[in-house]
Structures are given as C-alpha cells and as structure tokens.
Amino acid sequence: MKKHFLNATFWAFLSLALCTVGCSDDEGYADVDGQEPTMALVTDHIQSGAGHRFTIEGTLTDADGIATINLQCADLYLNKTIDLIEIYGEPKTSYELSYHYDLDRNELGERFTVKVTVTDVGGRSVSQDVLVTMDGDFSAPVFISAPSETVNVLIREETVYTLNLSVSDDRSLDHILINIPGISGYENLQVDAEGAASFTFSDRITFPNEVKNYDLTVTAVDGVGNETSVSCVIAVDELQDYERMYLADVATAEELNSDVFGVPMRIDHVGEFQYRARYYCAAANTEIFFLPQANDFSPICFGLDPSDNSVLTSDPDLAQPIVLTEANVYYDITFNTNTGEYSMSTYSVNDADDPWPSSMVYGLPTMDKWNDGGSTMMDFTFGLTSDNPTTVESFVQDANNPHLFYYQTPLSLTAGEEMNFIIHNYHTDQWWNFTRWCSTSSTDLEIFSYYTGSTFRNMDYSGPTTGEDVWSKPVVNTTGNYQFYFDSHLGRAKLVRVD
C-alpha cells in the first residue's frame, strides 16, 4: 500500500511540475517563448477635438498568443477590454488594433491619457500611454474674400487686374497656390503663409491687350494638408453692359465679404449701360462706389473721375468716392457706365412708400386679426420666421427712418449653418400672408420682393414685388454674431458681422 501511495504522489508532483513549466494561466495554451507581448502603435500622440473621433491603431504581437487588450482613461470614462479569445475562439499571435472613440461635442478637457494594455495567455502584459490632445485640425481653410465666378477686366493702355485674396484657418495656413495658365509667373505660383491663422494677398497682374478669357484657380492649404480651392474666369474685354451692379458703402474688400448677404447692395439695371440706385443715407458724408462684381473693388470700380468730377471713371486706381452729404434721406442716383454721366437727387423718408396700406402702422393694433371685418385686433409687426407666424421675432423700427428695421439683439450663427426663413408678420394663430417678403431665390438674397399674395397691399408701391413663394436659405461662412437689417421701402436686407 505504501508503494502505491508513493507512486501516486510522484505522478501528481510530476504533473504539477510539467504544468508549471509548460502551461499558461489560460488552461490549454502552452507557452512558446514566455515573453511579454510587443506593441507598435502608429502614434503615441493623437490630435483630436470635441465632437470628433480619434482612433488608436497599432500592431500587437506575442508568440504565446494575445488574450486581451484593455484601453483605459478615467477622465473619458473609457474602460474597454477587447477579449480576443471570446471574439475569435482562440488567442492571436498577431493583431491589428484599430479602436475608435467618439469625443463628446461638449467635452471641455484639453488633454487625456489613454493607457493601452496588452495581455497574453500567460498573463504577461505590456502597457503604453497614448496622449490625446484637443488641438486637432479638421477644418479646411476658408476664403474670406476671393474672385467671383467671372471677373471682367477692361482693356486699357495697361490692362491690369489686382488679385485680392483673404484666407483664414482654424489652426494654421501653410501656403496658397495660384494658377493662371498662359500668364507668365502665375502658373502654379506658390506663396508661403508661414503658419499664420489668416493670410492676405494682393498682387497686380498684367494681361495682354486682347479679348481673351483666362482660367484662374487658387488653392489654400493648411498645416495638415486640408485644402480649399476657388476658380474663376478672368474675362479680358471692352466695357460690357453688366446685368448686375452694386452699391458699396464699405471701404474694404474684407467688408464686402464678411456678411452673410446684402453687402454690397444690388441696384437696378434700367437700360443699356444705364443704372439706378436708391439708397438710404443714415450718416452725412457717407462714401460710396459702384461695382459690377460683388466681392471686390477690382478690376472695375465706378467712382468720381479725379480729373473731372462731373463724370465717373471705371478705373479702380483712379476712382474717388461719391460723397453723400445729407443724413436721414433717400438718395436717387442714376448713371451711365459707358459715358460716365450721373445725376443725384434726394427725397425724405416721409415721401418713401411701403408695400402695405398707410392705415397699418407698425407696432400698433391696426390690423383686423382675421381679415373679416371683426373687432378683434392685433399689433402689426413683422420679422423672420423659419416655420410660421407664431414664431416671428418682431423687428425694431428705426427711430429716424420708419422704413428701416433691425433686431435689437444680434443673431449668433455657426459656420456651415444653413438658414431658412422668410420675412413675415407676427400672428397668434398661424394665419398667413398679411405682409410677407421673399428673396429672388433660396440662395440669391440680393432683392426681397413683397409677396403679391399678401392680404394687404399698397397698389401704388414702387418697390419690387413677386408672386413666387420662396424661402431664403443662405449658408453662413464664419461663426459669429450678425445683425439683420431690412428696408421695407427698397426691398433690401443685409445680415452683417458685428463682432
């Protein structure tokens, strides 16, 4: 009996020893080299941002077999274990890690450390920290000012176009690339932006004195390779009868482009080479120019000819501002771009008309609520709405001009946001069309016409009208605060940056 006992003890001891030497802590998986796993991550520093996804990637290897991968960051409430045996039914000697994590859009932290731990079937592990910082660059550069789709350059003794560009980026700009095939020196011209967050470029480009079109492409590239391009056709030609003409009451190209819409102000094309501008002058000595392109003072700018102030010149290098000396009046200006002749007159705000009957007074209960002759009245006000009259936030009426309206508090808008609105009267019961204005199209907001389907209308109104039911849908380029202004006499609105 003793002999058999000793033999049983011996075999039990031998089995234990073999297990200790040749088996892992995970039953059934034998050690191969008994070494720790190896981890080769793509990077140990990831630049991300609130509301964005970051990805931890790398190649993991272990001859004995990888059992689990754990990713942990207490500040992000992250504690994820990837169990390879559970997923695949066996450990893996090689594994390509690619783990995504979506950061909360309201995340306030600036830097986080994610610990990545790889454990093999023998219980051996290796860890590595990955730093996640909230300084990632996800946005492409934005052109604050750039040429429009077509640029008209007049043939002169020296045919010159001044290219003005202004670009910004949420992080840093690397360079801009300018390409005008056929113009020496401007075929893939690269200009270094030196890592600045904003960059302005201006250069006079000379063209041959012949009628010809040139393609222009400008590409802005930021520090991580995000890029944005704009293209246009530079049409070198004689003076044209331009379909569109604008009144600019700002001083710089940046101001022409910092609005959502409405700057510069579209004026009327009333005949061949003939234009008419009606403009409310709020301050004495306001300076204006006329432009056939909406986003720059070049290549054509109509202003006073310095050698003869009785006519206008189209040369932006010579043109001087037209000065409006009277305040709180409407100016009526006509001019001929071919001859340069112009004339100006004024009329008072009291002589200006509105599209609704004079019996309706803004802010007073002058309107029959149901338009049925009943006694129920409501205050007559209007403003923007994105759905129906019950949500209208009413404008404030200007103290000096009863045809001018604005919001007391600016609108806070985000880059990339698409707006959706019409100008409409307030009403308590979703009853439409007492007064209503619509833009020419959803994206062309240069003129706001009074809707002819409106219940109330002044048939003698001299401003623009429309039968089209159009909702305005402009897209905001730059995040910021914007003020909305509306002139009911002219049918003109603008949404301009105020911070």
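See the structure printed just above.
What comes next concerns the included structure. These numbers come from a predicted model, not from an experiment. Residue positions are counted from 1 within each chain, in the order its sequence is given. It should be noted that, the model being predicted, local features are given only for residues of pLDDT at least 70 and side-chain atom pairs only at 80 or more, the latter also being counted only at that level, while totals for whole chains, interfaces and linings use all residues. Hydrogens and water molecules were not included; the side-chain quantities draw on all heavy atoms of the structure.

Each helix corresponds to a stretch of at least 4 residues labelled H or I by DSSP, and each strand to a stretch of at least 2 residues labelled E; elements are numbered beginning at the N terminus. From N to C terminus, the chain includes 3 helices and 38 strands. Our radius of gyration looks at C-alpha atoms and nothing else; its globule reference is 2.2 Å times the residue count to the power 0.38. Against the 2.2 N^0.38 benchmark of 23 Å for 499 residues, the chain shows a C-alpha radius of gyration of 35 Å, more extended than a compact globule. Its C-alpha atoms give the chain principal-axis dimensions of roughly 130 × 75 × 35 Å. For each residue, the accessible area found with a 1.4 Å probe, counting protein chains only, is set against the maximum for its type, and the residue is called buried under 20%, exposed over 50%, and partly exposed in between. Within the chain, the proportion of its 499 residues that are buried is 45%. Here a residue-residue contact requires only that any non-hydrogen atoms of the pair lie within 4.5 Å. At a minimum sequence separation of 6, the contacts of the chain that also span at least 24 residues come to 63%. All tallies of charge rest on Lys and Arg as positive and Asp and Glu as negative; His and the ends of each chain are not included. Working definition for charges: the position is that of NZ of Lys, CZ of Arg, CG of Asp or CD of Glu. Across the chain, the 24 positively charged side chains and the 75 negatively charged ones have centroids separated by 8 Å.

Salt bridges, as used here, are contacts in which a Lys or Arg side-chain nitrogen is within 4 Å of a carboxyl oxygen on Asp or Glu. According to the stated counting rule, one finds 15 salt bridges in the structure shown. Two residues, Asp 102 and Arg 53, come together in a salt bridge whose shortest N-O distance is 2.8 Å. In this pair, Asp 102 sits in strand β5 (residues 92-102) while Arg 53 sits in strand β3 (residues 53-73), placing the two residues 49 residues apart along the sequence. A residue is classified by how much of its surface remains accessible, and Arg 53, at 48% relative accessible area, is partly exposed. Notably, a salt bridge pairs Arg 204 with Asp 317, separated by 2.8 Å at the nearest N-O pair. In this pair, Arg 204 sits in strand β13 (residues 198-206) while Asp 317 sits in the loop between β22 (308-313) and β23 (322-324), placing the two residues 113 residues apart along the sequence. Given the relative accessible area of 40%, Arg 204 is considered partly exposed. Among the charged side chains, a network of salt bridges with common partners joins Asp 31, Asp 64, Asp 120 and Arg 124.

What follows deals with the pairing of strand β24 (residues 329-336). Extensive coverage of β24 is indicated by the burial of 7 of its 8 residues. If DSSP finds at least two bridges between two strands, the strands pair. Summarising the sheet, β24 and strand β25 (residues 342-348) pair through 7 bridges and their orientation is antiparallel. The residue of β25 that forms the bridge with Asp 332 is Ser 345.

Let us look at the sheet that holds β13. Here 3 strands make up an open sheet; going across it, the order is β8-β10-β13 and the pairing antiparallel. If you trace the sheet from one side to the other, it starts and ends with β8 (142-145) and β13, each paired once. Looking at each pair of strands side by side, their axes are set apart by 30° on average, direction ignored. In the sheet, strand β10 (residues 160-168) pairs with β13 via 9 bridges, with the strands oriented antiparallel. Comment: axis = line fitted to C-alpha atoms, over the contacting stretch for helices; angle = value between 0 and 180 degrees taken between N-to-C directions.

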